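Understanding the architecture of this molecule
As a plain string of letters, each chain reads:
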Amino acid sequence: MSKGLPEARTDAAMSELVPEPRPKPAVPMKPVSINSNLLGYIGIDTIIEQMRKKTMKTGFDFNIMVVGQSGLGKSTLVNTLFKSQVSRKASSWNREEKIPKTVEIKAIGHVIEEGGVKMKLTVIDTPGFGDQINNENCWEPIEKYINEQYEKFLKEEVNIARKKRIPDTRVHCCLYFISPTGHSLRPLDLEFMRHLSKVVNIIPVIAKADTMTLEEKSEFKQRVRKELEVNGIEFYPQKEFDEDLEDKTENDKIRQESMPFAVVGSDKEYQVNGKRVLGRKTPWGIIEVENLNHCEFALLRDFVIRTHLQDLKEVTHNIHYETYRAKRLNDNGGLPPGEGLLGTVLPPVPATPCPTAE
Amino acid sequence: MEAEANSGSLEDSGAFIQRPGEGCRTVPLAGHVGFDSLPDQLVNKSVSQGFCFNILCVGETGLGKSTLMDTLFNTKFEGEPATHTQPGVQLRSNTYDLQESNVGLKLTIVSTVGFGDQINKEDSYKPIVEFIDAQFEAYLQEELKIRRVLHSYHDSRIHACLYFIAPTGHSLKSLDLVTMKKLDSKVNIIPIIAKSDAISKSELTKFKIKITSELVSNGVQIYQFPTDDESVAEINGTMNAHLPFAVIGSTEELKIGNKMMKARQYPWGTVQVENEAHCDFVKLREMLIRVNMEDLREQTHSRHYELYRRCKLEEMGFKDTDPDSKPFSLQETYEAKRNEFLGELQKKEEEMRQMFVQRVKEKEAELKEAEKELHEKFDRLKKLHQDEKKKLEDKKKCLDDEVNAFKQRKTAAELLQSQGSQAGGSQTLKRDKEKKN
């Protein structure tokens, strides 16, 4: 045990609250730094365990949206990502069945559990995106949906008697599927990403990457990255939200080398070298989904689920949601949103964001 | 059944009914996905941001509050003990940065100074309540801001209140009861018996029972350690039965056996702080820090803070939703109040403007008066000056006349003289001339 406990000099001011009804938060000046390792174990680090237990008990919510033209393998990929049938594949349309006139939004929720951790996963599908002849403004329903989730959350938050845990339906992550043409991004892709990168975390993925050879793949990725940069589209992880040097180097590597991920999805298993793996069987070989040499699915999975899941949620909550909230309150003249007593309706939630001065 | 949402088209304003909870079926996983690392991701983020914990110590002067804090956190915190001569109750607050392995904790310790020292203690609880409310208010203000940074906000709300009970051995003082009653809805109260080495074991059990029954009969809600999580339910349950904890604080270390321990030395023996048979210090530390710190923080946020927020907003005149009318009248009342306020401001502005105009007029009149006076004075002086000048000129004229007259007379006289002495005079002149040559 250490002798001579170091005198901890404090610079704290004597913050006096004289008995007057004047609320003055008496949080004092500079805190003094004490390294308690020298002084015997207190037990502060047990708070990590306490926190972990608490979060395991409450469970997590995660909402992922998939956007892309039909036939790009969105549902398959989501099923592969979460190793379960969370997304129902659109069965092949008969010609008699009408192609939906507008983009539909389908949100389906499932509860999955692993290692004691319960997660409520919601997959938001957007059938009809980019499928019409005239695709102008087909991102509007999507933007509207996203804003509506923010609105719902905001309304709950502004309530006087609020729930202990506000149900979180905000879209945490949007996977945008790029068609593997091998040339460059389509105008629709650029338009969509330009509009939505400001309201939601967009992760672009190159779908059906088994149609490209390695060289084609890397060239395509480079071109896509360049185009996104030229158009000023910030996809997740956004440069401006890197918190410290460590984050920055890690994210830079991902941004400049791996993204957009070229993925292949599959829910069928095949026997390869004595192991059962997820893959696609073709006459010229079996494409293993989780093999890094074949495609980058494993990178995407690790990125989204194993390392950046919490960060996706936090960026959504701390940045996108706060931006929406600030805009909404400003538009309302500093008032929280809502409808008047007699049911007079305020201007509805804008589908497109109000002209921003950003 | 799968809970499939209605697909929204552009027409029906995209309302989907996604029913969480009910109807969400659990899907089995066919392999290892990897989101079980989610709690770790969350915890890592929190660790990098750091934690904060704020303790409030309420108790009479001299009960050992500072010493107990020093003992709990193994460090010597701050300065001078307080005197008994404070005129009112004040709160002294200090913040420290503690670091253990990779966890950083911002610890704030707030102590009352002068509690229980006055002759009239009716208002003793007020500064404490105001302080706690002020912290809630600050948080509420931040939450209501348009541009806010809640995730990096330094949370100053009090998470735990240690109430120090004097070891009389009889019962709670009325000051204690009144104060605790006022505080129980605002903060998590953990009552402790201070300086409990003054009480013997048997007296202690009786004392504890008396205290607990008094608290119950007066309806004081003290903090109960949570028993809903199985892993801690058992230990928390037993601890709940030991409340209030009888503690002893000491920062002196003495050699007992072959170890250095925190203890107090008396002629009749040594009291060891960390010996469970001697006092409940270890229990307090266990409960406060190692088991329930997170729960204390959560209760503060979800129960006490929400209650404060609700009361405050209702006080300001906001109501929540009616089951029939749509949410909510926050908008309307806010607007009405705002207009009222603006109206008042405008009225005040008008008044001020009027007053200003009037004052300007008055001042202007005054100044005009003064100007006139000055002009008059100037005129008068000018006239005086002119008179003087005239007089002087007259005098001068007279003088000149006299001088002229004199000159005339002089020249006349000289002429006469020169005529008289011209005959003889011219000869003298000649002679003078010849002399000179």
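Let me begin by describing the structure that accompanies this report. (Residues numbered from 1 in each chain as written. Chains lettered and ligands numbered in written order. Predicted model: local features only at pLDDT ≥ 70, side-chain atom pairs only at ≥ 80, totals over all residues. Heavy atoms only, no water.)

1. A short note on the overall build of chain A
When its secondary structure is counted, chain A shows eight helices and ten strands. Taken across its 358 residues, chain A has 53% of its residues classed as buried. A fraction of 67% describes how many contacts in chain A between residues 6 or more apart in sequence connect residues 24 or more apart. As displayed, chain A has an accessible area near 17,300 Å², and 52% of this comes from carbon and sulfur atoms. (Helix = DSSP H or I, 4+ residues; strand = E, 2+ residues; numbered from the N terminus. Buried < 20%, exposed > 50% of the residue type's maximum accessible area, 1.4 Å probe, protein only. Contact = heavy atoms within 4.5 Å. Areas by Shrake-Rupley, 256 points an atom, 1.4 Å probe, with all protein chains shown as cover.)

2. Brief notes about the packing of helix α2 (residues 74-81) of chain A against helix α7 (residues 297-307) of chain A
To describe two helices that pack against each other, one gives the angle between their axes and the distance between the axes. Residues and elements named next belong to chain A. It is at 11 Å that the axes of α2 and α7 come closest, and there the two elements cross at 65°. Of the possible angle classes, the one that applies to α2 and α7 is roughly perpendicular. Here the hand of the crossing between α2 and α7 comes out right-handed. The residues of α7 that touch α2, namely those facing Leu77, Thr80 and Leu81, are Phe297, Leu300, Arg301 and Ile305. A per-class count over the contact of α2 with α7 returns five nonpolar, one polar and one charged. (Axes fitted to C-alpha atoms, helices over the stretch in contact; angles between N-to-C directions. Parallel < 35°, antiparallel > 145°, perpendicular 65-115°, else oblique. Left-handed = near helix turned anticlockwise from the far one by under 90°. Nonpolar A, V, L, I, M, F, W, Y, C, P; charged D, E, K, R; others polar.)

3. Quick look at the pairing of strand β2 (residues 51-58) of chain B
Moving residue by residue along a regular strand, the side chains alternate between the two faces of the sheet. Residue and element names in this part refer to chain B. The element β2 is extensively covered by neighbouring structure, given that eight of its eight residues are classed as buried. Alternating residues of β2 divide into Phe51, Phe53, Ile55 and Cys57 and Cys52, Asn54, Leu56 and Val58, and every residue in both groups is buried. Sheet topology places β2 next to strand β4 (residues 103-113); seven bridges connect them, and they run parallel. Bridge pairing links cysteine 52 to lysine 106 in β4. Pairing between β2 and strand β5 (residues 160-165): four bridges, direction parallel. Along β5, the bridge assignment pairs leucine 56 with cysteine 161. (Pairing = 2+ DSSP bridges.)

4. Here we look at the sheet that holds strand β10 (residues 269-272) of chain B
Residue and element names in this part refer to chain B. Taken in spatial order, the three strands make up an open sheet running β8-β9-β10, and their pairing is antiparallel. Strands with a single pairing partner mark the edges of an open sheet, and in this sheet they are β8 (253-256) and β10. Averaged over all neighbouring strand pairs, the angle between strand axes comes to 65°, with direction disregarded. The pairing of strand β9 (residues 259-266) with β10 spans four bridges and is antiparallel. If you follow tyrosine 266 over to β10, its bridge partner there is glycine 269.

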